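Take a look at the letters that make up each chain.
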Amino acid sequence: MSTVPIPPLFLERMRVWLGEEFPAFLSALNQPPQSGLRVNTLKISITDFLEKSRFDLHPIPWCPEGFFVSGEGRPGKHPYHAAGLYYLQEPSAMAVVELLDPQPGENVLDLAAAPGGKATHIAARLQEQGLLVANDLHSQRAWDLVKNLERWGAKNVIVTNETPYRLAEQWGAFFDRVLLDAPCSGEGMFRRSLEARLDWSPEIVRACALRQSGLLPQAARLVRPGGRLVYSTCTFAPEENEAVVSRFLQEHREFELVELKTRLPFEPAHPEWLAIESDLSDWHGMVRLFPHRGHPEGHFIAVMRRRSGGEWRDVRPFQIRSLSPAQRREVHGWLASLCTAEIDPLRLTLIGSRLYFIPPAAIDLGRLRTILPGWFLGEFKKGRIEPSHAFLLALKGEQLPLKLNLTAEHPALPAYLRGDLLHQGLFSESEAAIFAHKGWLAICVDGYPLGWGRIVEKTIKNHFPKAHRLL
Ligand code: SAM
C-alpha cells in the first residue's frame, strides 16, 4: 500500500481544514485497515454467534450487531460466511443504517445498494416484515447485490436495476425511509484501497459533487410525508457532503434535518471548511466519522425528514399471476418433499421458468428493470423443479427433513465449498447413512443451511452455486 502514496493535493486540503489535528489524521490514514463483521440476526442471535464463532471479536460502539475482527481467523473463508451468518463490512459503514433506523413493517428503499453492505443491514432490521427495495444502476453490480442478499436469506426484498428518476416516476413519495449511499470520490477508503488513491483528483471530487446533487433530489421524491431520507458518502470532501446537503435543503424547504438524539460517538459536520453560505441555523442531523477519532474509515451521513408535500402515485400491490391448479399441485408436492416451511401458495408466481414467492408488502413494478421480484424458490428445468440457493438460505435447519449436518471443521466442507463431488469415504459411518436416500438434500454447517446437494449413486452431486464457491 505504501507504494501508492496518498494524493498530495488531498493531503494539502485536509492539512488546511484539520489544522492541529492533521498529524493525527495522517498517522491514522497510514495504519493498517480494520476489518469488521455484522451478525445476521435473521439467522442467529448475537449471543449464539459469539458462543459459536472462534473469531477474535470486539464490539463496535455504534452498531449492536457489529464487531471489529482481529487475528488470523480469515472470516471470508469460513463456512459460517457461506451460510450467511454474517456480512464482512467496514466498521464505519455500519453507522449509516444505524441512523437510517428502519423499523419492522416499513417500506424502505436503498437507491445505490450494491454490493449490499447497507441493504443486508436494512433487511435484518426489518425482521422479515415490510419491504426492502434495493436498487443499483450498474447491472453487474446489481447481480453482486442479488448474490449477497441471497446468502443473507431475506424473503421480503426486491432488486431493481434502474435510474432513481425512473423509480421516482413509478412510485413517487411512497417510502418510509430512503437511503442514498452515493457514489463518491472515496477518500474515506484511502486507508485500505489502492484504487481509491489512484483514482482521486480534484476533478473527480467536482464530478462526484455534481452527480450527487442530481441524485439527491430524485431520492427525495421517493420519501413519503414524515418519512426519513439519509444521504451518505465515504469521502471527506465537503463539496460532496455539507455542500450537497445544504444546497438541497435550500431548494427543498419541504425537508429538514433530523435532530439526532442518539449519543452515538460521531463528529459534527464541518460547514466552515467551505464557508458554505446557508440559512441553516444549525447543522445537527449531519455527522462525520474520522479515522483519527476512533472510526476506522471516513464517512459522512446526513439525516433528513420530509415535512410535507410529495408527488402522490397510485402505488398498487404487486399483481400476482397465480399458478394453474396443476402447477400448484406440482409445486405443493415439490415444496413438501424439501421442507416443512409454510409457504402461502397464493403468493407463488412463475416468471418464465422461475418460481418466486412474492412478499406480502410487494408493490407494482410497472416496466421497471427488475432483477429479483421476491424470494426466488426454484426453476423448472427438464421436467423437474430445481431448488434455488436463495430458497435454502432463507430456511432454518429445523425446516429441512433431509439434511447432512456437518461441524464447521468437518473435512468434507472445504471440498463442498469448492464445488467438488462428495464421496461416501469423506463421511463417518453414521453420517454415511444419508446415502440410503435419493434426491435433494441440504448440506448444513452446525445446523445452518449452506447449500444443496443431490444424492446420486452413493455420491453427493454438488449444487453449491459457482458464484459462491471458494476456489
Ligand atoms: N450501499 C452500498 C453498500 O453498502 O454496499 C455501496 C454503494 S456505493 C458507495 C455506490 C453505488 O452507487 C455503486 O454500486 C454504483 O454502482 C451505484 N450508482 C452509481 N450511479 C448511480 C445512479 N445514478 N443510480 C443508482 N446507483 C448508482
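Look up a bit, the structure's there.
What you are looking at is a predicted structure, and each value in this text was computed from that prediction instead of being measured.

> Could you give an account of the site of the ligand, with specific residues and numbers?
The environment of the ligand is made up of 18 residues, and the closest members are Gly 117, Asp 136, His 138, Arg 141 and Asp 181. With respect to the ligand, the backbone of Lys 118 contributes an N or O atom lying 3.1 Å from an oxygen atom. At 2.6 Å from an oxygen atom of the ligand is found a side-chain nitrogen or oxygen belonging to Arg 141. Protein burial of the ligand: of its 600 Å² of free accessible surface, 87% is covered by the chains. Of all elements in the fold, only α6 (117–126) and α10 (202–221) reach the threshold of two or more residues within the shell around the ligand. Residue composition of the shell around the ligand, grouped by class: 10 nonpolar, three polar and five charged.

> Which residues make up the packing of aromatic side chains, and what values go with them?
A complete count under the given rule lists 26 aromatic pairs for this structure. Seen from their ring centres, Phe 10 and Phe 190 are 4.9 Å apart, and the 85° between their planes marks the pair as edge-to-face. A residue pair is termed long-range when its members are at least 10 positions apart, and Phe 10 in helix α1 (residues 8–18) and Phe 190 in the loop between β8 (175–181) and α9 (194–199) qualify at 180 residues. According to the relative accessible area criterion, Phe 10 is buried, its value standing at 0%. For Phe 190, a relative accessible area of 0% translates into the label buried. In this structure an aromatic cluster arises from ring pairing among Phe 10, Trp 17, Phe 22, Phe 25, Phe 190, Trp 200, Phe 236, Trp 273 and Phe 290. A cation over an aromatic ring shows up here: Lys 155 above the ring of Trp 375, its NZ or CZ 5.3 Å from the ring centre. For the cation-ring pair, Arg 454 lies above Trp 440, with the distance from its terminal atom to the ring centre recorded as 5.3 Å.

> Which residues make up the nonpolar core, and what values do they have?
Residues Leu 229, Tyr 231 and Met 304 are the most contacted members of the largest nonpolar core, which totals 84 residues. With 34 residues, the next largest nonpolar core counts Tyr 80, Ala 412, Val 445 and Phe 464 among its residues.

> Which residues make up the environment of Arg 38, and what values do they have?
You can see Arg 38 is positioned in strand β1 (residues 35–39). Take Arg 38: its relative accessible area is 1%, and that puts it in the buried class. Measuring from C-alpha to C-alpha, the distance between Arg 38 and Phe 68 comes to 9.0 Å, with 30 residues separating the pair along the chain. With near-sequence residues (within four places) excluded, Arg 38 lies in contact with Cys 63, Glu 65, Gly 66, Leu 85, Tyr 86, Tyr 87, Gln 89, Met 94, Gly 117, Thr 120, His 121 and Trp 152. A polar side-chain atom of Arg 38 sits 2.7 Å from the main-chain carbonyl oxygen of Gly 117.

> Describe the packing of helix α8 (residues 164–171) against α10, listing the residues and the values that go with them.
Here α8 crosses α10 at 20°, and the two axes come no closer than 8 Å. The angle between α8 and α10 falls in the class roughly parallel. Crossing hand, α8 versus α10: left-handed. Facing Pro 164, Tyr 165, Ala 168 and Glu 169 of α8, the residues of α10 in contact are Leu 215, Gln 218 and Arg 221. The class makeup of the residues in the contact of α8 with α10 is four nonpolar, one polar and two charged.

> Summarise the sheet that holds strand β19 (residues 403–406); cite the residues concerned and give the values.
With mixed pairing, five strands are arranged side by side in an open sheet as β19-β21-β22-β23-β20. Bordering the open sheet on either side are β19 and β20 (422–423), each of which pairs with just one other strand. Pairing analysis gives seven bridges linking strand β21 (residues 439–445) to strand β22 (residues 448–456), with the strands arranged antiparallel. Paired with Val 445 across the two strands is Tyr 448, which belongs to β22.

> Report on the pairing of strand β14 (residues 348–351), specifying residues and quantitative values.
Where β14 lies against strand β15 (residues 354–357), four bridges are found, and the strand directions are antiparallel. Bridging from a neighbouring strand, Ile 351 pairs with Arg 354 of β15. The loop that links β14 with its antiparallel partner β15 comprises two residues; one of these, Gly 352, has a positive phi angle of about 65°.

> Hey, could you go over the environment of Ala 82 for me, with residue numbers and the actual values?
Locating Ala 82 in the fold gives a position in helix α4 (residues 79–82). Note: C-alpha distance between Ala 82 and Ser 139 (57 residues apart in sequence) is 23 Å. Residues contacting Ala 82, with those up to four places away along its chain left out, are Arg 151, Leu 393, Leu 417, Leu 450 and Phe 464.

> An account of helix α12 (residues 325–338) is needed here, citing residue identities and associated values.
If you check α12, its first and last C-alpha atoms are 20 Å apart, about what 14 residues at 1.5 Å a residue would give, namely 20 Å. Those residues of α12 that fall on the buried side of the exposure criterion are Val 331, Trp 334, Leu 335 and Leu 338. Projected down its long axis, α12 carries its buried residues within an arc of 100°, all on one side. Across from the buried face of α12, at angles greater than 90 degrees, the exposed residues are Pro 325, Arg 329, His 332, Ala 336 and Ser 337.

> Let's hear about the sheet that holds strand β2 (residues 56–60): which residues, and what values?
The sheet built from four strands is open, its strands ordered β2-β3-β1-β4 with antiparallel pairing. A strand with exactly one partner marks an edge of an open sheet, and here the two such strands are β2 and β4 (86–88). With strand direction ignored, the average angle separating the axes of adjacent strands in the sheet is 35°. As paired elements, β1 and β4 share three bridges and run antiparallel to each other. Pairing of Arg 38 across the sheet is with Tyr 87, part of β4.

> Tell me about the side chain of Thr 120, residues and numbers included.
Among the structural elements, Thr 120 can be located in helix α6. In contact with Thr 120, other than residues within four places in its own chain, are Arg 38, Tyr 87, Asn 148, Leu 149 and Trp 152.

Conventions adopted
Residues numbered from 1 in each chain as written. Predicted model: local features only at pLDDT ≥ 70, side-chain atom pairs only at ≥ 80, totals over all residues. Heavy atoms only, no water. Near = heavy atom within 4 Å. Polar contact = N/O pair within 3.5 Å; in protein donor to acceptor, adjacent residues only side chain to side chain. Areas by Shrake-Rupley, 256 points an atom, 1.4 Å probe, with all protein chains shown as cover. Helix = DSSP H or I, 4+ residues; strand = E, 2+ residues; numbered from the N terminus. Nonpolar A, V, L, I, M, F, W, Y, C, P; charged D, E, K, R; others polar. Phe/Tyr/Trp six-rings, centres within 6.5 Å; stacked < 30°, edge-to-face > 60°. Buried < 20%, exposed > 50% of the residue type's maximum accessible area, 1.4 Å probe, protein only. Lys NZ or Arg CZ within 6 Å of the ring centre and 35° of its normal. Core = buried A, V, L, I, M, F, W, Y, C linked by side-chain atoms within 4.5 Å. Contact = heavy atoms within 4.5 Å. Axes fitted to C-alpha atoms, helices over the stretch in contact; angles between N-to-C directions. Parallel < 35°, antiparallel > 145°, perpendicular 65-115°, else oblique. Left-handed = near helix turned anticlockwise from the far one by under 90°. Pairing = 2+ DSSP bridges. Expected span 1.5 Å × (residues − 1). Arc of directions from axis to C-beta.

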